[in-house]
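Take a look at the letters that make up each chain.
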Amino acid sequence: MKKNIQLKILDPRIGREWPLPTYATEGAAGLDLRAMLDAPLRLEAGATTLIKTGLAIHIGDTTLAAVILPRSGLGHKHGIVLGNLVGLIDSDYQGELMVSCWNRSDTAFTIEPGERIAQLVFVPVVRVDFELVESFSTSRRGAGGFGSTGKH
Ligand SMILES: O=c1ccn([C@H]2C[C@H](O)[C@@H](COP(=O)(O)OP(=O)(O)OP(=O)(O)O)O2)c(=O)[nH]1
Ligand SMILES: [Mg+2]
């Protein structure tokens, strides 16, 4: 299933020096987001910085959201993950997509202008109404959690 999403280019280098986000393969779920930096940025060990993507989207459909996720290679090999672990893009957000980059490694890492730093995945959303009750009809699990089903 494909859906049209409104997109604004905020940094003119996108579409000129770097392409619009696209799915890299037929089955890709994520669209890579690029660091719209003016110069290479050295991210010290343990440091976090907010990076512009040069893009804004307006999802405009309450049954959809987008999440920003780390790229596996950067995260695993270089410790470049997200300062908020996962970024959630609300369907009514119209500002620039921002990526909180966290260098969780013990070595500095330099992010280059245009580098693909994270990925954007659109996800379905169910919004709910709460129905206030005094008690639940008992389930097999009940209130047991946090390992209550044992280890094996
Ligand atoms: O990695 C992210 C996370 C969020 N956002 C934008 C889109 C999102 O819709 C908005 C608000 O995010 P969130 O609700 O997670 O942050 P908050 O701290 O609760 O801020 P707010 O009070 O604006 O909701 O910020 C980004 O651009 N990148
Ligand atoms: Mg919020």
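The structure presented is a predicted model; accordingly, all values stated were derived computationally and were not measured. (Residues numbered from 1 in each chain as written. Chains lettered and ligands numbered in written order. Predicted model: local features only at pLDDT ≥ 70, side-chain atom pairs only at ≥ 80, totals over all residues. Heavy atoms only, no water.)

## Quick notes on the layout of surface pockets
Then, number 1: In this structure, the largest pocket spans a volume of roughly 580 Å³.
Then, number 2: Forming the walls of the largest pocket are 22 residues, and the residues nearest its centre are Lys-3, Ile-5, Tyr-23, Leu-31 and Phe-122.
Then, number 3: Mapped by element, the contributors of at least two residues to the lining of the largest pocket are β2 (31–34), β4 (48–58) and β10 (116–124).
Then, number 4: The element that contributes the greatest number of residues to the lining of the largest pocket is β10, accounting for 5 residues.
Then, number 5: When the residues that make up the lining of the largest pocket are grouped by side-chain class, the tally is 18 nonpolar, 2 polar and 2 charged. (1 Å grid on protein atoms, 1.4 Å probe; cavity = no way out; pocket = protein on both sides within 12 Å on 5 of 7 lines; lining within 4 Å. Points joined across faces, edges and corners; volume = space filled by probe spheres on them. Helix = DSSP H or I, 4+ residues; strand = E, 2+ residues; numbered from the N terminus. Nonpolar A, V, L, I, M, F, W, Y, C, P; charged D, E, K, R; others polar.)

## Focus: the site of ligand 1
Then, number 1: Taken together, Ile-68, Asn-84, Gly-87, Leu-88, Ile-89, Asp-90, Tyr-93, Glu-96, Leu-97 and Met-98 make up the full set of residues adjacent to ligand 1.
Then, number 2: Taking Asn-84, its side chain carries an N or O atom lying 3.0 Å from an oxygen atom of ligand 1.
Then, number 3: Contact between ligand 1 and Asp-90: an oxygen atom at 2.6 Å from a side-chain N or O atom of the residue.
Then, number 4: Protein chains bury 49% of the 570 Å² of accessible surface belonging to ligand 1 in isolation.
Then, number 5: Among the secondary structure elements, those contributing two or more residues to the shell around ligand 1 are β7 (87–89) and β8 (96–103).
Then, number 6: Along the lines of polarity and charge, the residues of the shell around ligand 1 split into 6 nonpolar, 2 polar and 2 charged. (Near = heavy atom within 4 Å. Polar contact = N/O pair within 3.5 Å; in protein donor to acceptor, adjacent residues only side chain to side chain. Areas by Shrake-Rupley, 256 points an atom, 1.4 Å probe, with all protein chains shown as cover.)

## Brief notes about the side chain of Gln-119
Then, number 1: Turning to its location among the elements, Gln-119 is positioned in strand β10.
Then, number 2: For Gln-119, the side chain forms a polar contact with the main-chain oxygen of Pro-70, separated by 3.0 Å.
Then, number 3: Not counting the four nearest positions on each side in its chain, Gln-119 is found in contact with Gly-30, Leu-31, Asp-32, Leu-33, Val-67, Ile-68, Leu-69, Pro-70 and Arg-71. (Contact = heavy atoms within 4.5 Å.)

## Brief notes about the UniProt feature "domain: dUTPase-like" (unreviewed entry) in the protein
Then, number 1: Within this numbering scheme, the UniProt entry marks residues 17–150 as carrying the feature "domain: dUTPase-like" (unreviewed entry).
Then, number 2: The span residues 17–150 is 5% helix and 38% strand, and its two end C-alpha atoms sit 54 Å from each other. (UniProt positions renumbered as here; feature names shortened; annotations may be inferred.)

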